[in-house]
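Results of the structural survey
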Amino acid sequence: MKIEGSVVIVTGGAQGIGKAISKSLLTLGAKVCIADVNNVEGDKTVKELVDAYGNSVIFQQCDVTKDDDVRNAFKATTDTFGDVTITVNNAGILDEINFSRTIAVDLEAQIRCTMIALEFMGRNNGGKGGTIVFNASAAGIVPIGVMPVYAAVKHGLVGFVRSMAISPRIEDWGVRFNAVCPISVDTNLSREENLRKVVGDPVVLDQLLKGMKTAHSVILKPSDVAESVVKLIEDDSLNGKSLVVLEGKTIFVDPPVLDLQ
Ligand SMILES: NC(=O)C1=CN([C@@H]2O[C@H](COP(=O)(O)OP(=O)(O)OC[C@H]3O[C@@H](n4cnc5c(N)ncnc54)[C@H](O)[C@@H]3O)[C@@H](O)[C@H]2O)C=CC1
Ligand SMILES: CCCCCC(=O)CC\C=C/C=C/C=C/[C@@H](O)[C@@H](O)CCCC(=O)O
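My aim in this report is to walk through the structure given alongside it, one point at a time. Bear in mind that the values here come from a model prediction, so they are computed numbers and not experimental data. (Residues numbered from 1 in each chain as written. Chains lettered and ligands numbered in written order. Predicted model: local features only at pLDDT ≥ 70, side-chain atom pairs only at ≥ 80, totals over all residues. Heavy atoms only, no water.)

**Details of the packing of aromatic side chains**
- The tally for this structure, following the rule as stated, stands at three aromatic pairs.
- Aromatic pair Phe74 and Phe120: ring centres 5.2 Å apart, planes at 25°, arrangement stacked. Of the two residues, Phe74 is situated in helix H3 (residues 67-81) and Phe120 in helix H4 (residues 99-121); the sequence distance between them amounts to 46 residues.
- On the accessibility criterion, Phe74 (2% relative accessible area) is buried.
- Between Trp173 and Phe177 the ring centres are 5.8 Å apart and the planes differ by 75°, which places this aromatic pair in the edge-to-face class.
- A relative accessible area of 11% places Trp173 in the buried class. (Phe/Tyr/Trp six-rings, centres within 6.5 Å; stacked < 30°, edge-to-face > 60°. Helix = DSSP H or I, 4+ residues; strand = E, 2+ residues; numbered from the N terminus. Buried < 20%, exposed > 50% of the residue type's maximum accessible area, 1.4 Å probe, protein only.)

**A closer look at the pairing of strand S4 (residues 86-89)**
- Across the two faces of S4 the burial is the same, with Ile86 and Val88 and Thr87 and Asn89 all buried.
- In the sheet, strand S1 (residues 7-11) pairs with S4 via three bridges, with the strands oriented parallel. Across the sheet, the residue bridging to Val8 is Ile86, located in S4.
- By the bridge criterion, four bridges tie S4 to strand S5 (residues 130-135) in an arrangement that is parallel. The partner of Thr87 across the bridge, within S5, is Ile132. (Pairing = 2+ DSSP bridges.)

Next up, the structure:
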C-alpha cells in the first residue's frame, strides 16, 4: 500500500525503534500518531519531529496494557488525521524478573491493540482496511536461553500474526498482518545498563553480556528495522510473514504448516 497520505499509529514510538519507524513513515508522507506511555520522551520526540515534518505528527500518551488508552489513541488519531490505515504494534519491554509484565506488554497488549485497531480499521466496521505490522524479534523465531520469557512471548506474537493472517474474517477486515523480527538493535532495551536490571540470575546475565560482546551479536541501527517495516507495509502481497532482520540482509522465515484437515 502507498504510505504517502496514510494515517498511522506507532505504539512505543517515543524512542528507539518506534521513533525510527515514525521518522521513516513521516519522510514518506504519512500522518503519524506516536502512542507511548512515556510522555516526557514522547513530547520531546514529537517536538523534534514537528520541527522537521510540520503538523503531520501528534503524541498521545497511551499505556498499551489499558483498553481506554488504546481506544483514545485511535480516536485522537482519527479526529486529527482521518481513518487509520496502518498500525505499528511496536511497544515492548524485556523483563525476565517481572515476567508477568513482559507477558502483559509484549503479548496481551499486542493482542488488545490489534482487536481495537480492527474496530477502527476493519472494513466490516466502516474502516478503510489497511495493514498491521508487529515488532516481534529474532527471539520470536529461535530459542534464546538467556531470555526464555521474552522468547516465549515473541514466539506467541509470531503465532498470533500468522494465525490472524488466515482468519476467516480476513476479507471482511481488509487488513494484512506481518511481523518484523530483528536481531539486537541499539536502543535502551538492549543496553547493558537495562539488561543488568531485568535479568536476575547472575549466571544467565553473565552469558548474556558475554554474548552481546561476541561477533554473533551484531547490533543493528533502529533505521535498519524501519526499512523492513516500510517493506512490509508497501508490499500488498505480504500477509502472515515474519521478516528476520540481520546485518545487511533480511530473510522471510516461514515455520512449517501441518495439514490438520
Ligand atoms: N532493541 C532490540 O534489540 C530489539 C527490540 N525489539 C522490539 O522492538 C520493540 C521496541 O523496542 P526498543 O525500541 O528496542 O526499546 P525502547 O525501550 O527503546 O523503546 C520502547 C518504547 O516502548 C514504550 N513502551 C513500553 N511499555 C509501554 C506501554 N505499556 N505502553 C506504551 N508504550 C510502552 C517505551 O516507553 C519506549 O518508548 C519492542 O517490542 C522490542 O521487543 C525487537 C528486536 C530487537
Ligand atoms: C539473537 C537475539 C535477538 C533478540 C533481540 C531482542 O529482541 C532483545 C535484545 C536484547 C538483548 C539481546 C541479546 C542477544 C544476545 C545474543 O547475542 C546471545 O547472548 C544469545 C545467546 C543465545 C542463547 O541464549 O542460547
